[in-house]
Amino acid sequence: MTDNFIGERFSQLREARNVSARKMSLDLGHSTSYMNAIEAGRKLPSLSEFPYLCEYLGIKPREFFDDRKPSLKQMRAIEAIYEMSEKDVALLLEIIEKLNLSGTSKR
């Protein structure tokens with residue numbers, strides 16, 4: 001993780017949703033510069049505010065810290081998996097493993 005992982009991660013997630021820092025700040029009830037200060041590393045969100053920021057961005061707090069930086073499509077796929085039955089997850093895993101073994105899966 002970098003020194004400004006939190007700011008960089010918020011910026012990445014916000015931009016993936018085509019939302020300006022100003023709009024996000026205002027939508028969350030903060031000053032217009034709130035997200036800019038976080039993204040620049042001048043400020044950190046409070047622990048009580050952090051879940052609301054994640055909710056706004058459509059992610060769970062645990063997903064925020066996954067520094068592999070999944071794409072928006074990958075994040076949507078992960079969310080869809082949480083809604084699947086164990087049987088369907090097992091079938092999906094078989095497909096993924098077959099794709100990985102055949103070398104057709106690229107990240």
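Per an unreviewed UniProt entry, the recorded name for the protein chain is DNA-binding helix-turn-helix protein, and the organism is [Clostridium] asparagiforme DSM 15981.

To continue, consider the domain arrangement of the protein chain. Taken as a whole, the protein chain is organised into domain 1 (3-63) and domain 2 (70-103). Centre-to-centre, using C-alpha coordinates, domain 1 lies 28 Å away from domain 2. Tallying the contact residues gives nine residues for domain 1 and six residues for domain 2. Buried surface at the junction of domain 1 and domain 2, summed over both partners, amounts to about 540 Å²; 46% is from carbon and sulfur atoms. Run the count over domain 1 and domain 2 and you get one salt bridge. Between Lys60 and Glu79 there is a salt bridge; the shortest N-O distance is 3.7 Å. At the boundary of domain 1 and domain 2, one finds one residue pair in polar contact (both at pLDDT 80 or more).

This part is about the UniProt feature "domain: HTH cro/C1-type" (unreviewed entry) in the protein chain. Feature annotation in UniProt assigns "domain: HTH cro/C1-type" (unreviewed entry) to the following positions: residues 12-64. Counted over residues 12-64, helix gives 57% and strand 0%. Its end C-alpha atoms are 10 Å apart.

Between its first and last C-alpha atoms helix H1 (residues 5-16) spans 16 Å; for twelve residues at 1.5 Å apiece the expected length is 16 Å, and the two agree. All of the buried residues in H1 are Phe5, Gly7, Arg9, Phe10, Ser11, Leu13 and Arg14. Looking at the packing, one finds that the buried side of H1 touches helix H2 (21-27), helix H3 (34-39), helix H4 (50-57), helix H5 (61-64) and helix H6 (72-82). Phi turns positive one or two residues past the end of H1, at Asn18, with a value near 55 degrees.

Here is what the cut-offs are and how they apply
Residues numbered from 1 in each chain as written. Predicted model: local features only at pLDDT ≥ 70, side-chain atom pairs only at ≥ 80, totals over all residues. Heavy atoms only, no water. Domains from an automatic or database assignment. Contact = heavy atoms within 4.5 Å. Buried area = accessible area lost by both parts, 1.4 Å probe. Salt bridge = Lys/Arg side-chain N within 4 Å of Asp/Glu carboxyl O. Polar contact = N/O pair within 3.5 Å; in protein donor to acceptor, adjacent residues only side chain to side chain. UniProt positions renumbered as here; feature names shortened; annotations may be inferred. Helix = DSSP H or I, 4+ residues; strand = E, 2+ residues; numbered from the N terminus. Expected span 1.5 Å × (residues − 1). Buried < 20%, exposed > 50% of the residue type's maximum accessible area, 1.4 Å probe, protein only.

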